[in-house]
Number of protein chains: 2
Amino acid sequence: MSRFVSSMRPLLMAAAPTAARAARPVFARHLAAAAAAAPKPAELSAAKLEITKTTAPKTPLPHNELVFGRSFSDHMIVAEWDQKTGWSTPKITPYGKLQLDPSCTVFHYGVECFEGMKAYKDKAGKIRLFRPDMNMARLNRSALRLAMPSFDQKELTEIIKKFVKLEEKWIPQEKGYSLYLRPTMIATQPSLGVGPSSKAMLFVIASPVGPYFKSGFTAVSLLAQSSYLRAWPGGTGDAKVGGNYAPTIMPQVEANKKGYQQILWLFGPNDELTEVGTMNCFVYWVNEQGEKELVTPPLDGTILPGVTRDSILGLTRKWGEFKVSERKLTMAEIVKASNEKRLLEMFGAGTACIVCPIKAIRYQDKDLVVPLDPANPTAQAGPLTKRINETILGIQYGEIPSEWSVVAE
Amino acid sequence: MSRFVSSMRPLLMAAAPTAARAARPVFARHLAAAAAAAPKPAELSAAKLEITKTTAPKTPLPHNELVFGRSFSDHMIVAEWDQKTGWSTPKITPYGKLQLDPSCTVFHYGVECFEGMKAYKDKAGKIRLFRPDMNMARLNRSALRLAMPSFDQKELTEIIKKFVKLEEKWIPQEKGYSLYLRPTMIATQPSLGVGPSSKAMLFVIASPVGPYFKSGFTAVSLLAQSSYLRAWPGGTGDAKVGGNYAPTIMPQVEANKKGYQQILWLFGPNDELTEVGTMNCFVYWVNEQGEKELVTPPLDGTILPGVTRDSILGLTRKWGEFKVSERKLTMAEIVKASNEKRLLEMFGAGTACIVCPIKAIRYQDKDLVVPLDPANPTAQAGPLTKRINETILGIQYGEIPSEWSVVAE
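Worth saying up front: this structure is predicted, and the values here are computed from it rather than measured.

Draft legend 1. Quick look at the packing of helix H4 (residues 132-145) of chain A against helix H5 (residues 153-166) of chain A. All names here are of chain A. It is the contact of H4 with H5, at a shortest axis distance of 9 Å, that shows an interaxial angle of 125 degrees. The orientation of H4 relative to H5 falls into the category oblique. At the point where H4 passes H5, the crossing takes the right-handed sense. Here H4 contributes Pro132, Asp133, Met136, Ala137, Leu139 and Asn140 to the contact with H5, which in turn contributes Gln153, Leu156, Thr157 and Ile160. Looking at the contact of H4 with H5, its residues break down into six nonpolar, three polar and one charged.

Pasting the structure below:
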């Protein structure tokens, strides 16, 4: 992944004027001439941040009325990029509508990428972010994959820290609650040619959210899906881009109609497990060698390099209590493990839920039961799933010391 | 394709409330109750069209300054859709910015699809469209693939006819010139959950364009690409959705940098030819059986069902002068045909250019020369490529009678 990205970076930087020249000769030559005379494009800079506070502050909803991504805080971050001048002054402005030409690239060719991260308020009232460097790095990689501009990751982190401090009243001070942050980059060149956008907009909006599972875990049933695919080698499965999501909605509707909450996305002739809904996928089992092992599919280009995924791998490797593997897993292996009572737990992992326990998989017209907690028939999550959840939650709220939790100060 | 779509349609219609119920229980139950009491959602209706003319009409650019998709006409069509109320009154309004909440689905999950079509002015001054029914049907299929609403195709065609008549001054009356039309549908639900959008916007903008090749054909060199893929089975390659385009830009920049104008998108272990840039791909050759044959890849789900593609197949089949096939073609077959001097012509096909002659393919570190016109060493297109271009052009401008050319009256 990082090798791929770092090899792309110089290419994209160097290539953009050439590509433009091929596609639109006169304009591009004009641009190139202008670029030679013009100063270096500006970098995104937190020091330049301008804040305009709202004159009509809203009241956050009561905790029990919070629905993911439906209500938003008073302000938003906006910064615009232009091929010639670089990044504009970043601004925190009152939350409000974007005004965009209908010809903008984002409306036609899906040139858009985003991140999902959260700001947490700890018991002492400090505001914390969880591994923001991971989100910033991924946003840069996603942007480059779509020929959009890169930015200085530390600068955007600084701007976000100032933003979450300004939006403090929007971060519920209760464990499990947080302010969901949605950094987004869209291509805003007002023209219909398919090519690198000469303009982009970076914005961050924020939505107060409650725990994914309001009253303890609720394990989900999955419909294994091999007719529709989420990603493919040579595609964008490892980037967080809009076009990865749109095609999943109709199959998800279909799965819901059949009574399954999420899709287990399979790939290839051997029905390899890839992701669960919009989450990474983990299997905890006794492998064929008789070892306890936690397995998740490897970052082969079709898997989103999830921050929660990486955190789970890091934590469990540090624990050193069982084998931890990133490798391909097929449905045949899962079925065999289930038949041989070697399947221990399965869960999805992502920012929204941390972990999401799985209780069943519909595959080839059969229901495969996934164990939850054998010691507790009414439990909705297995012991490892729970332990991972509690550990990450503890880190996010500053109760377990970790460099992953970054205080906004 | 049509089998797939028709099987999806009732599913999507029926499934939406169920899916919403699974994803967001309280809200969806409220919606379902409202739906039971409310009248049937409104259909898109041309009879309801409201026209607000601009008070600041612009002057079209001189013909020689027209660049594809950079300047737009005075007005645009807009219609909004809501899950509860259906289609709003369609409007023709002055061309202007869209005002959208930054949380709208279109900015995050690539839920957007579009069409490309043209309005032509014939010698008698009549305004003509080319097979608009094909574009309307495809837009509906693309929208359904992304769980967006469908519309009555005849109604939108009627609205577009009224629009192009209003924009008459924007259609240059010269052969090869036209008014490019961009019908677009975007998902506008202001919330971050990944699911079927409860709101959508349909708009049509128009850009006056000149001929793709300003002074006769210019044949292109292709870079065969098998590391990045345009589409795959179980994806959205057969729908005209934004997410198909964003991932192609960076590889296109890379190809341009190496001196190739377009990418030849390959697929699979046998390097099957799929598309050329954003065009369908045609090969004219003497096949292994010694027959003259025009071949284009079949609509297997990874190929866009192009209007120009379909027109070329229809025309050449009607001519009955050579075999016409929709079947898979591998690079090995092309290389063999080239070595055996059986390769006659290759071209891309799409609305922008009608046909785009191909002169070379870079494949596995070798340059494969594709013949243009053996009878004329300076020609930039082969005889079949030229004949197809002239025939379709003749139909589009009403010079060759055909039911494909529809007069807006």
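Draft legend 2. Main features of the pairing of strand E4 (residues 91-94) of chain B. All names here are of chain B. One ladder, built from two bridges, connects strand E1 (residues 50-51) with E4; its direction is parallel. Within the sheet, the bridge partner assigned to Ile51 lies in E4 and is Ile92. As judged from the four bridges shared by strand E2 (residues 75-82) and E4, these two strands associate in the antiparallel manner. Bridge pairing links His75 to Pro94 in E4.

Draft legend 3. Examining the domain arrangement of chain A more closely. Residue and element names in this part refer to chain A. Domain annotation of chain A identifies domain 1 (50-209) and domain 2 (220-398). Distance from the C-alpha centre of domain 1 to the C-alpha centre of domain 2: 28 Å. Contacts between the two partners involve 26 residues from domain 1 and, on the opposite side, 23 residues from domain 2. Carbon and sulfur atoms make up 62% of the surface buried where domain 1 meets domain 2, a total of about 2,100 Å² over both sides. If you sort the residues of domain 1 by the area they bury against domain 2, Phe114, Phe130 and Arg138 come out on top, with a joint share of 30%.

Draft legend 4. Just the UniProt feature "modified residue: N6-(pyridoxal phosphate)lysine" (unreviewed entry) in chain A, in detail. Residue and element names in this part refer to chain A. Following the UniProt record, the feature "modified residue: N6-(pyridoxal phosphate)lysine" (unreviewed entry) maps to Lys240 here. Mapped onto the fold, Lys240 is located in the loop between strand E11 (220-225) and helix H6 (246-257). The buried category is assigned to Lys240, whose relative accessible area is 10%. Leave out the neighbours within four places in its chain, and Lys240 touches Cys113, Phe114, Glu115, Gly116, Arg138, Ser142, Tyr245 and Leu304.

Draft legend 5. Region of interest: the relation of the copies chain B and chain A. Superposing chain B onto chain A takes a rotation of 180 degrees plus a shift of 0.0 Å along the axis, which leaves an RMSD of 0.0 Å. Such values leave the two copies arranged in the relation of a two-fold axis. Residue B:Gly243, judged by its C-alpha, is the member of chain B lying nearest the rotation axis, at 1.9 Å. Here 99% of the interface residues in chain B have copies in chain A that are interface residues too; the copies meet face to matching face.

Draft legend 6. Broad picture of H5(A). Residue and element names in this part refer to chain A. For H5, with 14 residues, the first-to-last C-alpha span of 20 Å sits near the 20 Å given by 1.5 Å per residue. The complete set of buried residues in H5 reads Leu156, Thr157, Ile159, Ile160, Lys161, Phe163 and Val164. Of the residues that open H5, the one with a side-chain oxygen 2.9 Å from the backbone nitrogen of Lys154 is Asp152.

Draft legend 7. Representation of the confidence of the model for chain A in the model. Residue and element names in this part refer to chain A. Predicted confidence across chain A gives a mean pLDDT of 92, with 91% of residues reaching 70 or more. Contacts from residues 1-28, a stretch scored under 50 in pLDDT, to residues over four places away or in other chains number 36 contacts. Model confidence for the complex is summarised by a pTM of 0.91, with the ipTM given as 0.91.

Draft legend 8. Expanded view of the pairing of strand E13 (residues 272-276) of chain A. Residue and element names in this part refer to chain A. Most of E13 sits out of view: five of its five residues are buried. Bridge count between strand E12 (residues 262-267) and E13: four bridges; the pairing is antiparallel. Each residue of the ladder has a partner; that of Leu264, found in E13, is Val276. Between the antiparallel neighbours E12 and E13 lie four residues, among them Gly268 with a positive phi of about 85 degrees. The pairing of E13 with strand E14 (residues 279-286) spans two bridges and is antiparallel. The residue of E14 that forms the bridge with Val276 is Met279. Between E13 and E14, which pair antiparallel and follow one another directly, the connecting turn spans two residues, one of which, Gly277, has a positive phi of 55 degrees.

Draft legend 9. Representation of the interface of chain B and chain A within the structure. With 73 residues of chain B in contact, the opposing surface of chain A contributes 74 residues. Between chain B and chain A lies a buried interface of about 6,200 Å² when both sides are counted; carbon and sulfur atoms form 69% of it. Taken together, chain B and chain A are joined by 22 residue pairs in polar contact (both at pLDDT 80 or more). Here the side of chain B that touches chain A is built from residues that sort into 45 nonpolar, 19 polar and nine charged.

Draft legend 10. Highlighting the side chain of A:Asn140. Residue and element names in this part refer to chain A. Considering the arrangement of structural elements, one finds Asn140 in helix H4. Within the structure, the side chain of Asn140 is placed 3.2 Å from the side chain of Gln153, a separation counted as a polar contact. Once residues lying within four places of it in the same chain are set aside, the contact partners of Asn140 are Pro149, Ser150, Phe151 and Gln153.

Cut-offs applied
- Residues numbered from 1 in each chain as written.
- Chains lettered and ligands numbered in written order.
- Predicted model: local features only at pLDDT ≥ 70, side-chain atom pairs only at ≥ 80, totals over all residues.
- Heavy atoms only, no water.
- Axes fitted to C-alpha atoms, helices over the stretch in contact; angles between N-to-C directions.
- Helix = DSSP H or I, 4+ residues; strand = E, 2+ residues; numbered from the N terminus.
- Parallel < 35°, antiparallel > 145°, perpendicular 65-115°, else oblique.
- Left-handed = near helix turned anticlockwise from the far one by under 90°.
- Contact = heavy atoms within 4.5 Å.
- Nonpolar A, V, L, I, M, F, W, Y, C, P; charged D, E, K, R; others polar.
- Pairing = 2+ DSSP bridges.
- Domains from an automatic or database assignment.
- Buried area = accessible area lost by both parts, 1.4 Å probe.
- UniProt positions renumbered as here; feature names shortened; annotations may be inferred.
- Buried < 20%, exposed > 50% of the residue type's maximum accessible area, 1.4 Å probe, protein only.
- Least-squares fit on C-alpha atoms with pLDDT ≥ 70 in both.
- Expected span 1.5 Å × (residues − 1).
- Polar contact = N/O pair within 3.5 Å; in protein donor to acceptor, adjacent residues only side chain to side chain.
- pLDDT = per-residue confidence, 0-100.

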